[in-house]
Amino acid sequence: MSSQDYDCIVIGAGVQGSFTAYNLAKNNKKTLLLEQFVLPHSRGSSHGQTRIIRKAYDEDYYTHMMEECYQLWSQLEKEANVKLYRRTGLLVMGPEQGDYQVFKSTLERNKVPIVILPREEFSQHIPHVNLSQGNAALVDTTAGMLCADRTLKTVQGQFQKLGGVIKDGQKVIDITPGSVVTVTTVSGVYRAKRLVITAGPWANILLSHTGLQLPLQVIKINVCYWSEKIPGSYNVQHRFPCFIQLESEEAKHHIYGLPSNEYPGLMKICYHTGPETDPDERDRQTDRGDIDILQRYITRCFPGLVPIPAVVESCMYTVTPDNHFVLDHHPTHSNIVIGAGFSGHGFKFGPIVGKLLCELSQGEVPSYDLSPFRIRRFQAHSKSAL
Ligand SMILES: Cc1cc2nc3c(=O)[nH]c(=O)nc-3n(C[C@H](O)[C@H](O)[C@H](O)COP(=O)(O)OP(=O)(O)OC[C@H]3O[C@@H](n4cnc5c(N)ncnc54)[C@H](O)[C@@H]3O)c2cc1C
Ligand SMILES: O=C(O)[C@@H]1CCCC=N1
């Protein structure tokens, strides 16, 4: 095996590619992780200080995967001696008869510890928030925040300690499928028996070299931070939780937030959709319709915040038509595995996605039923070239 030959190449060092490479190295596979930008970077979907981790989901299969995933997060923390998870709880608010009931049933069915907050007791538990008319509320008490940038640094570091090789600043410009896959970057040519593509918003650009297109939409998210009128009122140290406001008449998509933490006195609150963008032209996309929706919501429900964003950063989602991930083999090249379309909720699953993509690439039976994540569910869709 020459120095350019690997058991497996992983393209894309975001959260999913980094955890996949780490799992491959743990399984004694000679692994190369390729990244187009110099690391660390803030041009994809995995950067920033924080992400929400939760078991509160509509579907049982996500809640089931999160059971093991919490353990994997904790194992990584112990192995690397770093703190990545902070328990805050997740406040779920939503119209009583809508998605809220589905979240509640999933949590109850799976025996996730929750606290129901009756309307008359709400403000005693959650001061500084107005519960919308007709909304109900509960807290997923096991939920919390993950340190995102620290996670990438940690998992990439552990991968390298296991002998894994990271080459950053190496944009992949060609892929030649075959029993040995050839991957060409701007400055090298590498070969491997197996390839994993975890390219986030650039997935379809890379997949075009393999004759496949998936129905993925890339959207820009304005990551907004809002100033506390009274310092500390929404602070993590004062036990303010993360929250999700489920979709309602006035906001057609979720609104979610994390307590003030990374920027003193600023709480992060975002809208769970945004305008479509080309990933290489993200900063040219200046639509701020989402911010208007957030301003109205904050004025009404978070009266302790100044309803003008103090900081706006950018991030991207890569969204599938059903908002479920793609975790599958390439339909015509079985030694190519794809992890894509994490639809704005994939970070918390990083450790389990890494384990599953590693299993798929090694031809093993995956630890979970992956039928919700198969490519063939898009067969009827116009953008899939299967
Ligand atoms: C604002 C925001 C808030 C979010 N909040 C949450 C949350 O609270 N909880 C949660 O669980 N999830 C959340 N998510 C979603 C989560 O962050 C994403 O699902 C996850 O980061 C996707 O990771 P990825 O590895 O697929 O993509 P990315 O992080 O984009 O990684 C893909 C990598 O591939 C590289 N690449 C692409 N093309 C090439 C090429 N040709 N050659 C080499 N490298 C290439 C890119 O540069 C990039 O580094 C949020 C996302 C955003 C944007
Ligand atoms: O995945 C998450 O928890 C966040 C909050 C809800 C919307 C998307 N991302």
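Just so it is clear, the structure is predicted and the values come from calculations on it, not from any experiment. Per-chain numbering applies: the sequence of each chain, read as written, is numbered from 1 onward. The order in which chains are written sets their letters, starting at A; the order in which ligands are written sets their numbers, starting at 1. The predicted origin of the model limits local features to residues at a pLDDT of at least 70 and limits the giving and counting of side-chain atom pairs to 80 or more, whereas totals for whole chains, interfaces and linings rest on all residues. Processing note: side-chain calculations cover all non-hydrogen atoms of the structure and skip hydrogens and water entirely.

## Thoughts on the site of ligand 2
Argument step 1. A cutoff of 4 Å decides nearness: a residue is near a molecule or strand if any of its heavy atoms lies inside that distance of it. Taken together, Ile52, Arg54, Ile244, Tyr256, His272, Gly344, His345 and Lys348 make up the full set of residues adjacent to ligand 2.
Argument step 2. At a separation of 2.6 Å, an oxygen atom of ligand 2 approaches a polar side-chain atom of arginine 54.
Argument step 3. Within 3.5 Å is the distance limit for a polar contact, defined as a pair of N or O atoms, with the added protein rule that one can donate a hydrogen and the other accept it, and that residues adjacent in sequence qualify only through two side-chain atoms. Between ligand 2 and glycine 344, the relevant distance is 3.0 Å, taken from a nitrogen atom to a main-chain nitrogen or oxygen of the residue.
Argument step 4. Values of accessible area rely on a 1.4 Å probe in the Shrake-Rupley scheme; residue burial ignores everything except the protein chains shown. Relative to its unbound accessible surface of 260 Å², ligand 2 loses 94% to contact with the protein.
Argument step 5. Here the shell around ligand 2 is composed, by residue class, of 3 nonpolar, 3 polar and 2 charged. Under this grouping Gly is polar, as are all residues other than the nonpolar Ala, Val, Leu, Ile, Met, Phe, Trp, Tyr, Cys and Pro and the charged Asp, Glu, Lys and Arg.

## Digging into the sheet that holds strand β13 (residues 217-227)
Argument step 1. At least two bridges found by DSSP between two strands are what make those strands a pair. The helix count covers DSSP runs of H or I at least four residues long, the strand count covers runs of E at least two residues long, and both are numbered beginning at the N terminus. Spatially, 8 strands are ordered β6-β7-β5-β14-β15-β16-β13-β17 in an open sheet, and the strand pairing comes out mixed. Whereas interior strands pair on both sides, the edge strands pair on one side only; in this sheet they are β6 (114-116) and β17 (311-319). Looking at each pair of strands side by side, their axes are set apart by 20 degrees on average, direction ignored.
Argument step 2. The sheet contact formed by β13 and strand β16 (residues 266-271) spans 4 bridges and is antiparallel. Opposite serine 227, over in β16, you have leucine 266 as the bridge partner.
Argument step 3. Pairs of residues are marked as contacts when any of their non-hydrogen atoms sit within 4.5 Å. To define axes, lines are fitted to C-alpha atoms, for helices over the stretch in contact only, and angles between the resulting N-to-C directions are given on a 0 to 180 degree scale. Across the face of the sheet, helix α3 (residues 99-109) comes into contact with β5 (90-95), β6 and β7 (135-140) while running at roughly 30 degrees to β7.
Argument step 4. Those strands touched by helix α7 (residues 289-301) are β5, β13, β14 (242-245), β15 (255-258), β16 and β17, and its axis lies near 35 degrees from that of β13.

## Structural notes on the UniProt feature "domain: FAD dependent oxidoreductase" (unreviewed entry) in the protein
Argument step 1. UniProt positions are given in the numbering used here, feature names are shortened, and annotations may be inferred rather than shown by experiment. Annotation from UniProt places "domain: FAD dependent oxidoreductase" (unreviewed entry) at residues 7-360.
Argument step 2. For residues 7-360, the end-to-end C-alpha separation is 14 Å, with 27% helix and 29% strand making up the annotated structure.

## A few points about the packing of aromatic side chains
Argument step 1. Within 6.5 Å between ring centres, the rings of Phe, Tyr and Trp (the latter by its six-membered ring) count as paired, and their orientation is classed by plane angle as stacked under 30 degrees, edge-to-face over 60, tilted in between. Within this structure, the stated rule accounts for 22 aromatic pairs.
Argument step 2. Ring centres 5.7 Å apart and planes at 85 degrees place the aromatic pair tyrosine 61 and phenylalanine 373 in the edge-to-face group. Taken as a pair, tyrosine 61 in helix α2 (residues 60-80) and phenylalanine 373 in the segment after α8 (350-361) lie far apart in primary sequence, 312 residues in all.
Argument step 3. With a 1.4 Å probe rolled over the protein chains alone, any residue whose accessible area is under 20% of its type maximum counts as buried; one over 50% counts as exposed, and the rest are partly exposed. A residue is classified by how much of its surface remains accessible, and tyrosine 61, at 25% relative accessible area, is partly exposed.
Argument step 4. By relative accessible area, which is 0% here, phenylalanine 373 ends up buried.
Argument step 5. Aromatic side chains tyrosine 62 and phenylalanine 349 sit 5.4 Å apart centroid to centroid with 55 degrees between the ring planes, which places their arrangement in the tilted category. Placement of the pair is tyrosine 62 in helix α2 and phenylalanine 349 in the loop between β19 (336-340) and α8, with a sequence separation of 287 residues.
Argument step 6. Every member of this aromatic cluster is reached through a ring pair, and the members are Tyr57, Tyr61, Tyr62, Phe325, Phe342, Phe349 and Phe373.

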